[in-house]
Structures are given as structure tokens and as C-alpha cells.
Amino acid sequence: MLVDDSRLVRVQMEDVLKGTDYEIAVHCRSGEDAIARYAEVQPDLVTMDIIMQGMDGLDAAEIILKDHPEARIVMVSSLAYDDTFERAKAIGARGFVDKPFHQEQLLKVFEEALS
């Protein structure tokens, strides 16, 4: 599940995942949409942007993890500050990827999150 309000990020993510074992099951454009659709989709992994209109990704991740503690969420954001990393870790995110991302970095974090 890709959660990001940017269509460009969806295209970039699709390009990076071509030829790998990963595919985007659903693209949610807001934290609220991700919360509503998580149980329906039951993704193996969620990539969650932080800065989005409405609810931010950290709050959305926290709610998903409260309702689904088995969820594997990786934060993907250009907002790479120590306090952001700490909050993501504290709520149970399995990893953090900086934008702009590249395939090797993304796949390494995905593998760690799924192990």
C-alpha cells in the first residue's frame, strides 16, 4: 500500500519496483484513506508519506498500528529530522526512507521491515 498525496511519487515508486517482487496493491492519497482501506486491502507493507493534506502520515501510522499491530509501515519522506525519526520509531514504524529514494535503498528497508 502506497500512501502519498503525490501522483509523481506513485509513478516513481512504480518505476523503482519494476522487475522486483513488490507491487503497489493500492494507492491512498491521504492518511484517512489509508486508515479506512487498510483492513480491506491487508497489505504486506505500507509506505507512508508524512506531509499530506488532512491527517499527517505519523498520525495515520499510529492509528493503523493501534488497530493492526502486525502492520509493517515504512515512512517515506523528505522530512528527515531526528525528532521525526524518533516519533516514527516510537509509534512502531519499521523503517524510514528519505525522498528522493532509489531502488537499492528502498528494497533494503522493505526486506528489513518484512523480516
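Calculation rules
Residues numbered from 1 in each chain as written. Predicted model: local features only at pLDDT ≥ 70, side-chain atom pairs only at ≥ 80, totals over all residues. Heavy atoms only, no water. Axes fitted to C-alpha atoms, helices over the stretch in contact; angles between N-to-C directions. Helix = DSSP H or I, 4+ residues; strand = E, 2+ residues; numbered from the N terminus. Parallel < 35°, antiparallel > 145°, perpendicular 65-115°, else oblique. Contact = heavy atoms within 4.5 Å. Nonpolar A, V, L, I, M, F, W, Y, C, P; charged D, E, K, R; others polar. Buried < 20%, exposed > 50% of the residue type's maximum accessible area, 1.4 Å probe, protein only. Pairing = 2+ DSSP bridges. Right-handed = clockwise from strand over helix to strand, strands pointing away. Salt bridge = Lys/Arg side-chain N within 4 Å of Asp/Glu carboxyl O. Phe/Tyr/Trp six-rings, centres within 6.5 Å; stacked < 30°, edge-to-face > 60°. Left-handed = near helix turned anticlockwise from the far one by under 90°.

Enquirer: Talk me through the packing of helix H1 (residues 7-17) against helix H5 (residues 103-114); I want residue IDs and the actual numbers.
Expert: The description of two helices packed together rests on the angle between their axes and the distance between the axes. Contact geometry of H1 with H5 gives a least axis separation of 10 Å together with a crossing angle of 80°. With respect to H5, the axis of H1 lies roughly perpendicular. Facing Met-13, Val-16 and Leu-17 of H1, the residues of H5 in contact are Gln-103, Leu-106, Leu-107 and Phe-110. Of the residues that constitute the contact of H1 with H5, the class distribution is six nonpolar, one polar and no charged.

Enquirer: So what's going on with the pairing of strand E4 (residues 73-77)? Residues and values would help.
Expert: In summary, the side chains of a regular strand alternate between the two faces of the sheet. Burial within E4 is extensive, with five of its five residues counted as buried. Here E4 shows no split at all, with Ile-73, Met-75 and Ser-77 on one side and Val-74 and Val-76 on the other all buried. The pairing of strand E3 (residues 46-48) with E4 spans three bridges and is parallel. Paired with Met-48 across the strands is Met-75, a residue of E4. Once you follow E3 into helix H3 (residues 57-67) and on to E4, the crossover reads as right-handed.

Enquirer: Tell me about the sheet that holds E3, and please be specific about residues and values.
Expert: Read from one edge to the other, the open sheet built from five strands follows the order E2-E1-E3-E4-E5, with strand pairing classed as parallel. The sheet is open, and its two borders are formed by strand E2 (27-28) and strand E5 (95-98), each paired with just one other strand. The pairing of strand E1 (residues 2-3) with E3 spans two bridges and is parallel. Looking at the pairing, Val-3 lines up with Met-48 of E3. Taken strand by strand, H3 contacts E3 and E4, and its axis lies near 175° from that of E4.

Enquirer: So, the pattern of salt bridges: which residues are in play, and what are the values?
Expert: Across all of its chains, the model carries eight salt bridges by this definition. Asp-59 serves as the salt-bridge partner of Arg-87, at 2.7 Å between the closest nitrogen and oxygen. Of the two residues, Arg-87 sits in helix H4 (residues 82-91) while Asp-59 sits in helix H3, which places them 28 residues apart along the sequence. On the accessibility criterion, Asp-59 (31% relative accessible area) is partly exposed.

Enquirer: Break down the packing of aromatic side chains for me, citing the residues and quoting the values.
Expert: Geometrically, a pair of aromatic rings is defined through the distance of the ring centres and the angle of the planes. What the rule picks out here adds up to two aromatic pairs. Their ring planes at 75° and their centres at 5.1 Å tell us that Tyr-22 and Phe-110 sit as a pair that is edge-to-face. Taken together, the positions of Tyr-22 in the loop between H1 and E2 and Phe-110 in helix H5 put the pair 88 residues apart, joining distant regions of the chain.

Enquirer: Before we move on, can you summarise the packing of H3 against H4 with the specific residues and values?
Expert: In the contact formed by H3 and H4, the axes pass within 9 Å of each other and the chain directions differ by 15°. On the basis of the axis angle, H3 is roughly parallel to H4. Where H3 crosses over H4, the handedness of that crossing is left-handed. Packed against H3, whose contacting residues are Leu-58, Asp-59, Ala-61, Glu-62 and Leu-65, the element H4 presents Thr-84, Arg-87, Ala-88 and Ile-91 at the interface. In terms of residue class, the contact of H3 with H4 is made up of five nonpolar, one polar and three charged.

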